[in-house]
Amino acid sequence: MVTFAGGTNGTIQLGDAATDNVVFNADVNSNIIPNTNNAYDLGSSSQQWRNLYVSGNVSIGGTLTYEDVTNIDSIGIITARSNIDCNGNLDVSGTSSFGDNITVTSTDTGSSAAPEFKLFRNSASPADADYLGQIKFAGESDIGVERNYAKITGKILDASNGSEDGIIEFAH
């Protein structure tokens, strides 16, 4: 075991140039805390850490940027207290909740239909009269109970290959 003690100013310096290396062949058995808050980086844009394995909570102040990410996989809940900007496709499956407004914007200058909002029912056994999706317009009654006041429903009229047909139902 080697113990280092800081000099008169409490500083221990390892190396004196960016080309020097510090190699650990042991576990770190303490917290690693910067001396000054919000002043030091872990890695750089040209010298990045490869993987990060964390158990517990991760707190990030500022912007979290995903570059060249194929998937973001969460076993729990991902919460954003402000905006999530998605430049590309956003696929949401399962039960999801969104507060306030959702805006879908297209900057396409062509004549194609855009933006597109797609409700996809991925059924293993589609059949005539199956419901495909529904948009519900809900609000509170005069006693504060949530009620559905209107809905738009997509339904399969004919699921036969080559003659597929659907209907839109409006209800209130």
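Rules of the game
Residues numbered from 1 in each chain as written. Predicted model: local features only at pLDDT ≥ 70, side-chain atom pairs only at ≥ 80, totals over all residues. Heavy atoms only, no water. Phe/Tyr/Trp six-rings, centres within 6.5 Å; stacked < 30°, edge-to-face > 60°. Lys NZ or Arg CZ within 6 Å of the ring centre and 35° of its normal. Pairing = 2+ DSSP bridges. Helix = DSSP H or I, 4+ residues; strand = E, 2+ residues; numbered from the N terminus. Salt bridge = Lys/Arg side-chain N within 4 Å of Asp/Glu carboxyl O. Buried < 20%, exposed > 50% of the residue type's maximum accessible area, 1.4 Å probe, protein only. Axes fitted to C-alpha atoms, helices over the stretch in contact; angles between N-to-C directions.

This next bit is on the packing of aromatic side chains. With the rule as written, the count across this model stands at zero aromatic pairs. Here the guanidinium or amino end of Lys118 rests over the ring plane of Phe120, the centre of that ring lying 5.7 Å away.

Before going further, it helps to spend a moment on the pairing of strand β3 (residues 165-171). Both strand β2 (residues 146-158) and β3 contribute to a ladder of seven bridges, which runs antiparallel. By the bridge assignment for β3, Lys151 is matched with Ala171. Adjacent in sequence and paired antiparallel, β2 and β3 are bridged by six residues, among which Gly162 carries a positive phi angle near 95°.

Here we take up the pattern of salt bridges. A full pass over the atoms with the stated rule returns one salt bridge. Linking Lys155 and Glu169 is a salt bridge whose minimum nitrogen-to-oxygen distance equals 3.5 Å. Taken together, the positions of Lys155 in strand β2 and Glu169 in strand β3 put the pair 14 residues apart, joining distant regions of the chain. A relative accessible area of 16% places Lys155 in the buried class.

Here three strands make up an open sheet; going across it, the order is β1-β2-β3 and the pairing antiparallel. Two strands in the sheet have a free side with no partner beyond their single neighbour: β1 (131-140) and β3. For this sheet the average axis-to-axis angle between neighbouring strands, irrespective of direction, equals 15°. As judged from the nine bridges shared by β1 and β2, these two strands associate in the antiparallel manner. Bridge pairing in β2 links Gly133 to Gly154.

Scope: geometric values only; no functional claims are made or implied.
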